[in-house]
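Now for the letters of each chain:
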Amino acid sequence: MQKEQQFVLEDIKSKIFDELLTFEKKGLNQNILTKFSKIFSDSYLFDELILYTYKKESAEFTNILSFEQALSEKEDLIPFKKIIPLIKGAEQYKDKWNGYSFSLDYTIISDSLHCVLFKDGAPSFYLKAKLSSFVELNKLDECLKVFSHALMIYSSKRDSHIEEHKYKQLFRVTSKFHSSINTDEVLKEIINTLKEVYPNLSYYLLLSYDYDVSPTLPVKEFTYEDKSENQAANEAYLTGQIYYEIVDSKYYTLYAPLLGKQGIYGLLQVILPKHMSLTDKENEFIELLAKTAGNALENAQLYDRSRKLISDLQLINETSHRLNSNLRLNEIITFMCHQIIYSIEAQEVGFVVFNNDDHFEVLPGSTDIFSTPIGEFYIRYSMRKLELEGDAVLIGDLGLESDNFSRYKSLIAVPMNQANDIKGMAIVLHENPYVFSFEAFKLIQALIHHSTLAFTNAMLREELELLVVTDHLTKLYSRSYLDEKIQRSLKNDFGGTFIIVDIDNFKKVNDTYGHQVGDEILIQVSNIIRQSIRDCDIGARWGGEELAVYLPRASTEIGKIVAERLVQKVYEETSPKVSISCGVSSWYQDNSLNYKQLFNQADEALYIAKNTGKNKAVFYDNIDK
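Calculation notes
- Residues numbered from 1 in each chain as written.
- Predicted model: local features only at pLDDT ≥ 70, side-chain atom pairs only at ≥ 80, totals over all residues.
- Heavy atoms only, no water.
- Pairing = 2+ DSSP bridges.
- Helix = DSSP H or I, 4+ residues; strand = E, 2+ residues; numbered from the N terminus.
- Axes fitted to C-alpha atoms, helices over the stretch in contact; angles between N-to-C directions.
- Contact = heavy atoms within 4.5 Å.
- Salt bridge = Lys/Arg side-chain N within 4 Å of Asp/Glu carboxyl O.
- Buried < 20%, exposed > 50% of the residue type's maximum accessible area, 1.4 Å probe, protein only.
- Polar contact = N/O pair within 3.5 Å; in protein donor to acceptor, adjacent residues only side chain to side chain.
- Core = buried A, V, L, I, M, F, W, Y, C linked by side-chain atoms within 4.5 Å.
- Parallel < 35°, antiparallel > 145°, perpendicular 65-115°, else oblique.
- Nonpolar A, V, L, I, M, F, W, Y, C, P; charged D, E, K, R; others polar.
- pLDDT = per-residue confidence, 0-100.
- Expected span 1.5 Å × (residues − 1).

Trainee: Help me understand the sheet that holds strand β18 (residues 538-543), please; the structure alone is not making it clear to me.
Mentor: The strands that make up a sheet pair up through hydrogen bonds in the backbone, lying either parallel or antiparallel. As summarised here, the arrangement of the 5 strands in space is β18-β19-β17-β20-β21, forming an open sheet in which the pairing is mixed. Each of the sheet's edge strands pairs with one partner strand only, and the pair in question is β18 and β21 (617-619). Strand after strand, the sheet turns through a mean of 20° between neighbouring axes, direction not considered. Relative to strand β19 (residues 546-552), strand β17 (residues 495-503) runs antiparallel, the two being bridged by 7 bridges. Paired with Gly496 across the two strands is Pro552, which belongs to β19. Packed onto the sheet, helix α16 (residues 595-611) meets β17, β18, β19, β20 (580-588) and β21 and runs at close to 150° relative to β20.

The following block contains the structure:
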């Protein structure tokens, strides 16, 4: 009998060794414990054997032969506290076993073996067996030592294999992180790794920023709220530490912060069944994955910011280069409006110059809305805001301030400063609220800062040009400028009308009221001329009290209307009252007049008007030749 039992032990050792070799070659095998149990139960030492593994999270043992069933059926779970009374000297195991190897204790009750194996001072396996009738206790000791030694080797190999597998996954994720700037790819790799290591758990990425990620990823928006019911998530987000939260009687949640080097970008949410708890190493593994995700999001954000910064710098450089190319003011405004609309997807852009008091001028090239009452409303509001704030203004939702802002909700207003003096402002509008980001606001400030000098220079240049070609007193164009425009029109247009205007009895006005009043009369008549003609028409001081008007591409009929209107308005609106006489001549392709002929005809018509009663317009075409 003794030899037979010795043979049984050797046979068990041989079979156990073979299984461990298979485990060594093939790696992690969940069936090996079942095979261990079968090897011993098939021996002559045990008639029946059941092996349980310890679940730390629930302090219970579960039958490894039906693990999935054991999770749901309570009768397959045995609380450790029920086994303690079966173990002789159980109290001594509280502090005794601090090593790294297995230790065991067992007791026999009515031919039923109860054995608990400890690892690092904690229960690990529970063996329940029905002994054979001829088993010897000394052989039982040897048998249990063989079993415990096999389980120790398996457990150590399993733990190292699991750790190796997990960190291979982590290495794969990290490699993906370092080889790709694509946030989607890294986040997908992280979720897939978690699903591979813990396939029965649920995962979500709670992101605190609006990232452009794939809709296939389990992403939720996370917003920190001081009084939120989800305090565990808030604490994890604030502290950068893992926090747990009980969901209900069946589940609890782990929150691991997505931590980068410069901040926290959200949370990794893991939903676990209540009976399952994670070891410190498992917590560390999930924390490392979450940090990798945080670094990926941070890199993506930094990459996007750097690309945006490069794009903004290119835009500013292009703008500065273009503004230094001596553009006309309206060309500058048109270009700047296009740049702003393109760069921040604005709907309306306007440039306003401040005059004295509360007056302003909308510069040509601004979008059309600013020439309407609606545009004026937003301009005056922005002027008040700039005066109140003393700096640029960004408003996300004007509707929150007043119901009056029914058309446009997003607003940026940036002052145009030159030598500590506010020359005007740029105003940007959009119908939707919160369209303009803070980055867009700073970009517009930079663009306006770089363009203000160009605006000022263009305005000064055009003012100087105007001074060169205008009469100082009347503000009408000079005769040389008029001559140039008529000569150009004779080459390029199909026709035009020329009017010479002479103030009647002007010497008498000077003699009666003085030269100062005479100058005032000249100014009044000049203002009437400017108000009575088109933007494309040219009013000029011809010499002394004589003025002139040229109407390019205007027929004789239009010339008659303008001349007669001038005669009437001057007589009605001047003070002291004066009258004018006009001589009018027209050219068209059929008569082929040159400049001298055109002037001589108008001068002849004026001579007749002066000598036939004055206060009238005479048309050369109506003179009897």
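Following the structure, the description resumes.
Trainee: Honestly, the pattern of salt bridges in this entry has me stumped. Any pointers?
Mentor: Here the idea is simple: oppositely charged side chains can pair when their charged atoms come close. If you walk through the whole model with that rule in mind, you get 8 salt bridges. Note that Arg488 is salt-bridged to Glu484, the shortest N-O span being 3.1 Å. Note that Arg488 and Glu484 are positioned in helix α12 (residues 479-492) at a spacing of 4 residues, about one turn of the helix. Exposure remark for Arg488: the relative accessible area of 42% places this residue in the partly exposed category. Given a relative accessible area of 43%, Glu484 falls into the partly exposed group. The salt bridge partner of Asp511 is Lys507, with a shortest N-O separation of 3.1 Å. Here the residue Asp511 and the residue Lys507 both occupy positions in helix α13 (residues 506-513), the gap between them amounting to 4 residues, near one helical turn. In this structure, Asp511 and Lys507 share a single accessibility class: exposed. Among the charged side chains, a salt-bridge network with shared partners connects Asp502, Asp504 and Lys610.

Trainee: Please explain the pairing of strand β5 (residues 112-119) as it appears in this structure.
Mentor: A regular strand carries its side chains on alternate faces of the sheet. Counted residue by residue, β5 has 8 buried out of 8 residues, so it is predominantly covered. Residues Ser112, His114, Val116 and Phe118 line one face of β5 and the alternating positions Leu113, Cys115, Leu117 and Lys119 line the opposite face, and both faces are buried. The pairing of β5 with strand β6 (residues 122-131) spans 8 bridges and is classified as antiparallel. Bridged to Leu113 within β6 is Ala129.

Trainee: Where do I start with the side chain of Asn283 in this structure?
Mentor: With respect to the secondary-structure elements, Asn283 resides in helix α8 (residues 280-323). A distance of 2.5 Å separates a polar atom in the side chain of Asn283 from a polar atom in the side chain of Tyr244. Those residues in contact with Asn283 that lie beyond four places of it in its chain are Ile242, Tyr244, Leu254 and Leu278.

Trainee: Help me understand the nonpolar core, please; the structure alone is not making it clear to me.
Mentor: Generally speaking, nonpolar side chains in soluble globular proteins are found buried as a group. With 30 residues, the main nonpolar core has Leu194, Tyr198, Leu258, Leu268, Val270, Leu272 and Ile286 as its most contacted residues. At the level of elements, α6 (183-197), β7 (202-207), β10 (251-259), β11 (264-273) and α8 are the ones that each hand at least two residues to this core. For Leu268, the contacting residues outside a window of four places in its chain are Leu194, Tyr204, Leu205, Leu254, Tyr255, Ala256, Leu258, Ile286 and Ala290. Listed in part, the 28 residues of the second largest apolar core include Leu9, Ile12, Leu113 and Leu127.

Trainee: Mind showing me how you'd approach the packing of α13 against helix α14 (residues 515-532) here?
Mentor: Relative orientation and spacing of two packed helices are given, respectively, by the angle between their axes and the distance between those axes. Contact geometry for α13 and α14: axes closest at 7 Å, N-to-C directions at 135°. The orientation of α13 relative to α14 falls into the category oblique. For the pair formed by α13 and α14, the contact residues are Phe506, Val509, Asn510 and Tyr513 on the first element and His515, Val517, Gly518, Ile521 and Leu522 on the second. The residue inventory of the contact of α13 with α14, partitioned by class, reads 6 nonpolar, 3 polar and no charged.

Trainee: Where do I start with the sheet that holds strand β9 (residues 243-246) in this structure?
Mentor: Spatial strand order, β8-β7-β11-β10-β9: 5 strands in an open sheet with mixed pairing. The open sheet has two edge strands with one neighbour each: β8 (219-221) and β9. Ignoring which end each strand starts from, the neighbouring axes of this sheet average 25° apart. For β10 and β11, the ladder comprises 8 bridges, and the chain directions are antiparallel. Looking at the pairing, Leu259 lines up with Ile264 of β11.

Trainee: Whenever I open this one, the confidence of the model for the protein chain confuses me. Can you help?
Mentor: A low pLDDT score tells you not to read the predicted coordinates there in detail. Here the protein chain shows a mean pLDDT of 78. Residues at 70 or above account for 79%. At the level of individual helices and strands, the protein chain shows its lowest average pLDDT in helix α3 (residues 67-72), which scores 36, and its highest in β17, which scores 94. Predicted confidence for residues 66-75 stays below pLDDT 50, and this span has 10 contacts to residues more than four positions away or in other chains. With pLDDT under 50 throughout, residues 89-101 is counted as low confidence; its partners more than four residues away or in other chains account for 18 contacts.

Trainee: Sorry, what's going on with unusual backbone geometry here?
Mentor: Residues other than glycine predominantly adopt negative phi, and peptide bonds predominantly adopt the trans conformation. The residue after Ser575, namely Pro576, is reached through a cis peptide bond having omega 0°. Checked against the element boundaries, Pro576 lands in the loop between α15 (556-573) and β20. Positive phi outside glycine occurs at Glu345, with the angle close to 60°. The topology assignment puts Glu345 in the loop between α9 (329-344) and β12 (348-354). Among the residues examined, Glu345 registers a relative accessible area of 61% and is labelled exposed.

Trainee: Even after reading the chapter, I still don't get helix α10 (residues 373-389), so can you show me in this structure?
Mentor: Since the α-helix packs 3.6 residues into each turn, any two residues three or four apart lie on the same face. End to end, α10 covers 24 Å across 17 residues, agreeing with the expected 24 Å (1.5 Å per residue, within 8%). Looking at α10, one finds that the buried residues are Gly375, Tyr378, Ile379, Tyr381, Ser382, Met383, Lys385 and Leu386. Directly beyond the C-terminal end of α10, a positive phi value near 75° is found at Gly390.

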